[in-house]
Amino acid sequence: MSSIKQRRSKVFNNLLPWLDVIAITAWGFLMLKYWLTQQLYLLIHPNYFALVVVAGIGLIIVGIAKGGQLLQQREAVPNVQHMNLIPPRLGSILLIAVAILGFFVAPQVFASDKALQRGVTDLSSGNSRLQPQSFRTSVRPEERSLVDWSRTLSVYPEPDAYTGQKVKVTGFVIYPPDLGNEYLFLARFVLTCCAADAYPVGLPIKLKEGQSREEFKKDSWLEIEGKMGTETLTGKRQLTIISNSAKQVPQPKNPYSY
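What you see is a predicted model; the values in this text were computed from it and never measured. (Residues numbered from 1 in each chain as written. Predicted model: local features only at pLDDT ≥ 70, side-chain atom pairs only at ≥ 80, totals over all residues. Heavy atoms only, no water.)

Asks: So what's going on with helix α3 (residues 49–73)? Residues and values would help.
Replies: Its 25 residues give α3 an end-to-end C-alpha distance of 36 Å, which sits within 8% of 36 Å, the value for a rise of 1.5 Å per residue. Those residues of α3 not exposed but buried are Phe49, Val52, Val53, Gly56, Ile60, Gly63, Gly67 and Leu70. Looking at the buried residues of α3, the elements they touch are α2 (17–36). (Helix = DSSP H or I, 4+ residues; strand = E, 2+ residues; numbered from the N terminus. Expected span 1.5 Å × (residues − 1). Buried < 20%, exposed > 50% of the residue type's maximum accessible area, 1.4 Å probe, protein only. Contact = heavy atoms within 4.5 Å.)

And the structure:
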């Protein structure tokens, strides 16, 4: 009986170093999986894609090299108590568990609930988090995205200055609790580095007469065409899109703006 326990302990001790190899290699493949499936768009800014790919390949190489060393050594791990072996490998176990979740659970796109939690930016007063140097005066009004409009308002926040300008923007639907049934909010998340620092920007939409926001599902993506106007909402004058048409569109491959 004692010899069986000793053999089991020896096998267990020999397997422990492979946890590091599995953790390192799994995270390398997970990074490449996010890149190949284009899910990396949901996690980080495209400027960092190359870094992630290089890191993923590097981790796989390190994991393979470490595994090769273990095969060459073929030395038994010192026979210590079982409980003393677990703490040094706990980090690897957690990394393996998270990597497994990453392979089977797809990253989720931020939507209206997260936007309301983080606070949809009041664009009538501009957005200090958007860099003014990104504003381009040469862009025609109907070619501006929601983020372009936010940058424009950061430079000159007077809503009446844009009255009558044509608009064509795309975003997801939010139902702010303080707007009437004839209004909805169209928003996009802006990503500066990674999903952790994403923040929402958007504009209120006044629907055509006879339309109700209940016709459009929360979090659905719409393409809105119309013109700019000024409405008094929640006691403040705000730049508002007066909608001529609202068309449902598929969620874009890259739902974030930069």
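Next comes the rest of the description.
Asks: How would you sum up the environment of Tyr256? Please name residues and give values.
Replies: Turning to its location among the elements, Tyr256 is positioned in strand β6 (residues 256–257). In this structure the C-alpha to C-alpha distance between Tyr256 and Gly171, which are 85 residues apart in sequence, comes to 9.6 Å. Apart from the residues within four sequence positions on either side, Tyr256 is in contact with Tyr41, Leu42, Gln108, Val109, Phe110, Arg188, Phe189 and Leu191. From its side chain, Tyr256 meets the backbone nitrogen of Phe110 in a polar contact 3.2 Å long. (Polar contact = N/O pair within 3.5 Å; in protein donor to acceptor, adjacent residues only side chain to side chain.)

Asks: Lay out the nonpolar core with the relevant residues and their values.
Replies: Nonpolar side chains in soluble globular proteins generally cluster together in the buried interior. Formed by 18 residues in total, the largest nonpolar core has its most connected members in Trp149, Val169, Met228 and Ile241. Contributing elements (two or more residues each) for this core: α6 (146–155), β1 (166–174), β2 (183–190), β3 (199–206), β4 (221–233) and β5 (236–249). In contact with Trp149, other than residues within four places in its own chain, are Pro141, Arg144, Tyr162, Gln165, Lys166, Val167, Val169, Leu203, Met228 and Leu239. (Core = buried A, V, L, I, M, F, W, Y, C linked by side-chain atoms within 4.5 Å.)

Asks: So what's going on with the packing of aromatic side chains? Which residues, and what values?
Replies: For the structure shown, the criterion picks out 7 aromatic pairs. One aromatic cluster is present, built from ring pairs that chain together Phe110, Phe172, Phe189, Trp221 and Tyr256. Sitting over the ring of Trp149, Arg144 keeps its end group 4.7 Å from the ring centre. Note that Arg213 overlies the ring of Tyr175, its terminal NZ or CZ placed 4.8 Å from the centroid. (Phe/Tyr/Trp six-rings, centres within 6.5 Å; stacked < 30°, edge-to-face > 60°. Lys NZ or Arg CZ within 6 Å of the ring centre and 35° of its normal.)

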